[in-house]
Amino acid sequence: MGLFILSAVGLPFLAIVFFTILEAAFSTAGIWGILSKAGLDLCRVSIGIVGAMFLDIPIRAAGTVAAAVLMMEVILAAGAMLVDRRAIDLRIARQSTRAFGILALGIISMVIPAVLIVLNGGH
Amino acid sequence: MAINFLIALATALGSATLILLVLRLSLKAFAPNAFKEMISTSEKPVERQATVRIHLADRAPALVRLPTLTEKQPEKLQQAIFDTFTLSDISGTQIAALLNSSAQGARRTVVIETTIPKAAKEKEEKKRVPSVEEILSPPGQSTPNLGTTVLKKSSLGVPNEALCGSAR
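Fair warning: this is a prediction, and the values are worked out from it, not measured in the lab.

Moving on: the overall build of chain B. Helix and strand counts for chain B come out as seven helices and three strands. For chain B, the α and β elements follow one another from N to C terminus as α-β-β-α-α-β-α-α-α-α. A separation threshold of at least 6 residues defines the contact pool for chain B, and within that pool the share at least 24 residues apart is 44%.

Laid out in structure tokens, this is it:
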């Protein structure tokens, strides 16, 4: 199960960390812009992680459950984009608040499918 | 399955809180001034499209649709108005103020009722579109048939840059 979690969750997360560090090194964006992009990337990658749930045989009706989780991931990603684009309309004045909000949505969307895979004894 | 999902949700919330707390503390230590940065209002996606309808003296409505402008282009907005009309009763600045007073992000039609004297309008049109004779033989020119010569030469397909240049 460890290898399964590592390949499904660990490697995408490490890739995001790698590319975020690269962006921090080479782009002219500020720290909050980089963190916001990292949060959006977490949301996008988590949609791919849900794909691992479809392969998990122990989950009964895996298709239905995984599809529901996938829809939730998509909604979380849309929420992150909403915070990113409409921060002023949502009365978010500080860049730090916006970046932390996007990052929180990204982490939540990343952890939920990972924990579900672990709890269902992913192979 | 529902219990598993609740556990996953709680884990996600807890881990997000923990990670963000650690990140916040570390950023507070290394870059305390970064937390003071505010979101600039220019980042807000705004799209405007304004329509100006002007009723002329002879009651012939002229409908002009201005190009889509963003907040960053107030100069372009005023330039478009000044280039399109020369009004006597209402200045371009007043029109720009009217257009700018509309709500942000809304597509709005602004109707400006004003009157342009027909004589002044015709005079303006005459100024703007000179005839071929005026172009080729401007007032004060000593050789009025120069334009005819130019036309004949150009019809033969022989380029004469000096004469064509004076005709322009």
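Now that the structure has been shown, we can carry on.
What follows deals with the overall build of chain A. In terms of regular secondary structure, chain A is built from four helices and zero strands. When the elements of chain A are put in sequence order from the N terminus, they spell out α-α-α-α. Of all intrachain contacts in chain A linking residues separated by at least 6 positions in sequence, the fraction that spans at least 24 positions is 74%.

Attention shifts here to helix α4 (residues 95–119) of chain A. Between its first and last C-alpha atoms α4(A) spans 36 Å; for 25 residues at 1.5 Å apiece the expected length is 36 Å, and the two agree. Judged by how many residues are buried, α4(A) sits mostly within the fold: 22 of 25 residues are covered.

Moving on, we get to the nonpolar core. Counting 37 residues, the largest nonpolar core has A:Leu103, A:Ile107, A:Ile108, A:Val111 and A:Ile112 as its most contacted members. Among the elements of the structure, α1 (2–26), α2 (31–54), α3 (62–85) and α4 of chain A together with α1 (2–30) of chain B are those that each provide at least two residues to this core. When residues of this core are assigned to their parent elements, the largest contribution, 15 residues, is made by α4(A). With near-sequence residues (within four places) excluded, A:Ile107 lies in contact with A:Leu42, B:Ser15, B:Ala16 and B:Ile19.

The next point concerns the interface of chain B and chain A. Taken together, the contact between chain B and chain A spans 22 residues of the former and 23 residues of the latter. Broken down by class, the residue content of the side of chain B that touches chain A amounts to 16 nonpolar, four polar and two charged.

Okay, the confidence of the model for chain B next. All names here are of chain B. When the pLDDT values of chain B are averaged, the result is 62; 25% of them are 70 or greater. Overall, residues 80–87 carries pLDDT values under 50, and its contacts beyond four positions in sequence, including any with other chains, amount to eleven contacts. Scored below 50 in pLDDT, residues 147–158 makes 13 contacts in the model with residues more than four places away or belonging to other chains. Scored as a whole, the predicted complex attains pTM 0.56, and scored at its interfaces, ipTM 0.85.

At a closest axis distance of 8 Å, the pairing of α4(A) and α1(B) adopts a crossing angle of 140°. With respect to their mutual orientation, α4(A) and α1(B) come out oblique. Note on packing geometry: the crossing formed by α4(A) with α1(B) is right-handed. Counted together, A:Phe100, A:Leu103, A:Ala104, A:Ile107, A:Ile108, A:Val111, A:Ile112, A:Val115, A:Leu116 and A:Leu119 of α4(A) and B:Asn4, B:Phe5, B:Ile7, B:Ala8, B:Leu9, B:Thr11, B:Ala12, B:Leu13, B:Ser15, B:Ala16, B:Ile19 and B:Leu20 of α1(B) form the full contact between these two elements.

This part covers the packing of α1(A) against α2(A). Residue and element names in this part refer to chain A. Relative to each other, α1 and α2 sit at 160°, their axes nearing to 10 Å. By the angle between their axes, α1 is roughly antiparallel relative to α2. With respect to the hand of their crossing, α1 and α2 are arranged in right-handed fashion. Facing Ala8, Val9, Pro12, Ile16, Thr20, Glu23 and Ala24 of α1, the residues of α2 in contact are Ile34, Lys37, Ala38, Asp41, Leu42, Val45, Gly48, Ile49 and Ala52. Per-class residue counts for the contact of α1 with α2 are eleven nonpolar, two polar and three charged.

Residues and elements named next belong to chain A. With a phi close to 60°, Arg91 is a non-glycine residue in the positive phi region. Here Arg91 shows up in the loop between α3 and α4. Judged by the 7 C-beta atoms lying within 10 Å of it, Arg91 falls in the exposed class.

Here is what the cut-offs are and how they apply
Residues numbered from 1 in each chain as written. Chains lettered and ligands numbered in written order. Predicted model: local features only at pLDDT ≥ 70, side-chain atom pairs only at ≥ 80, totals over all residues. Helix = DSSP H or I, 4+ residues; strand = E, 2+ residues; numbered from the N terminus. Contact = placed C-beta atoms within 7 Å. Expected span 1.5 Å × (residues − 1). Buried ≥ 20, exposed ≤ 12 C-beta atoms within 10 Å, placed from the backbone. Core = buried A, V, L, I, M, F, W, Y, C linked by C-beta atoms within 7 Å. Nonpolar A, V, L, I, M, F, W, Y, C, P; charged D, E, K, R; others polar. pLDDT = per-residue confidence, 0-100. Axes fitted to C-alpha atoms, helices over the stretch in contact; angles between N-to-C directions. Parallel < 35°, antiparallel > 145°, perpendicular 65-115°, else oblique. Left-handed = near helix turned anticlockwise from the far one by under 90°.

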